[in-house]
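Architecture and fold: a report
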Amino acid sequence: QAQLVESGGGLVQPGGSLRLSCVASGNIFSIINMAWYRQAPGKKRELVAVITRGDSTNYADFVRGRFTISRDNAKNTVYLQMGSLKPEDTAVYYCNMLVVTDSAVKSDYWGQGTQVTVSS
């Protein structure tokens, strides 16, 4: 089993920046992919960015050039640096990790979510 805990959300003005963090703990052998998703009220959860263990990244078109995903494997942590924030970026942001446990079981884990509100 693994647990994911996000932090860093909050209220920011349009054009501002925020940095989200997500730390995994528990029975972890390795983490394959780390990703951030978001869900706005009344909308489906959508992929924001993903980073592989080899540091390959992919971004949704609506954040490319504004957001940067990174990871620290030694700390089992994924980050999302968000810049040039827009009101439409307002959502609950969730981290997601594909974890291999010490017993060689591969499972998908989610954090509890952190609210990001972009408003003046």
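Higher on the page you've got the structure.
These notes cover the structure that comes with them. Just so you know, these numbers come straight off a predicted model, no measurement behind them. (Residues numbered from 1 in each chain as written. Predicted model: local features only at pLDDT ≥ 70, side-chain atom pairs only at ≥ 80, totals over all residues. Heavy atoms only, no water.)

Side chains of strand 1 (residues 2-7) alternate between two faces, with A2, L4 and E6 buried and Q3, V5 and S7 left unburied. Two strands pair when backbone bridges link them, and strand 1 and strand 3 (residues 18-26) are joined in this way by 6 bridges, in the antiparallel orientation. Looking at the pairing, V5 lines up with V23 of strand 3. (Buried < 20%, exposed > 50% of the residue type's maximum accessible area, 1.4 Å probe, protein only. Helix = DSSP H or I, 4+ residues; strand = E, 2+ residues; numbered from the N terminus. Pairing = 2+ DSSP bridges.)

Once that is clear, we can look at the sheet that holds strand 3. Here we have 4 strands laid out as an open sheet, ordered 1-3-8-7, and antiparallel in their pairing. The open sheet terminates on both sides in strands that have one partner only, identified here as strand 1 and strand 7 (67-72). Neighbour to neighbour, the strand axes of the sheet diverge by 15° on average, direction disregarded. As paired elements, strand 3 and strand 8 (residues 77-82) share 6 bridges and run antiparallel to each other. (Axes fitted to C-alpha atoms, helices over the stretch in contact; angles between N-to-C directions.)

Under the criterion given, the structure shown has 1 aromatic pair. Cation over ring: R19 sits above Y79, and NZ or CZ is 4.0 Å from the ring centre. Of note, R45 hangs over the ring of W110, and the distance from its end group to the ring centre comes to 4.7 Å. (Phe/Tyr/Trp six-rings, centres within 6.5 Å; stacked < 30°, edge-to-face > 60°. Lys NZ or Arg CZ within 6 Å of the ring centre and 35° of its normal.)

This part covers the environment of D61. Take D61: it is sitting in the loop between strand 6 (57-59) and strand 7. When the C-alpha positions of D61 and S120 are compared, they lie 24 Å apart, and in sequence the two are 59 residues distant. A polar side-chain atom of D61 sits 2.4 Å from a polar atom in the side chain of R64. (Polar contact = N/O pair within 3.5 Å; in protein donor to acceptor, adjacent residues only side chain to side chain.)

The biggest cluster of nonpolar side chains holds 32 residues, and the ones touching the most others in it are W36, V78, L80, M82, Y93 and M97. Of all the secondary-structure elements, those providing two or more residues to this core are strand 1, strand 3, strand 4 (28-39), strand 5 (46-52), strand 7, strand 8, strand 9 (91-101) and strand 11 (114-118). The leading source of residues in this core is strand 9, at 5 residues. (Core = buried A, V, L, I, M, F, W, Y, C linked by side-chain atoms within 4.5 Å.)

Let's shift gears to the environment of R38. Note on placement: R38 falls in strand 4. C-alpha of R38 to C-alpha of V5: the two residues are 33 residues apart in sequence and 15 Å apart in space. Discounting chain neighbours no more than four positions away, the residues touching R38 are K44, R45, E46, V48, F62, V63, F67, E88, D89, A91, V92 and Y93. Within the structure, R38 has its side chain in polar contact with the side chain of Y93 (distance 3.0 Å). (Contact = heavy atoms within 4.5 Å.)

Bringing the environment of L4 into the picture now. Here L4 lies in strand 1. Residue L4 is classed as buried on the basis of its relative accessible area, which comes to 6%. The spacing of L4 and G26 is 22 residues in sequence and 9.0 Å in space, taken between C-alpha atoms. Not counting residues within four places of it along the chain, the set of residues in contact with L4 comprises C22, V23, A24, C95, N96, M97, Y109, W110, G111 and Q112.

It is worth spelling out the pattern of salt bridges at this point. Per the counting criterion, the structure on display carries 4 salt bridges. One salt-bridge network, in which partners are shared between bridges, spans R38, E46, R66 and D89. (Salt bridge = Lys/Arg side-chain N within 4 Å of Asp/Glu carboxyl O.)

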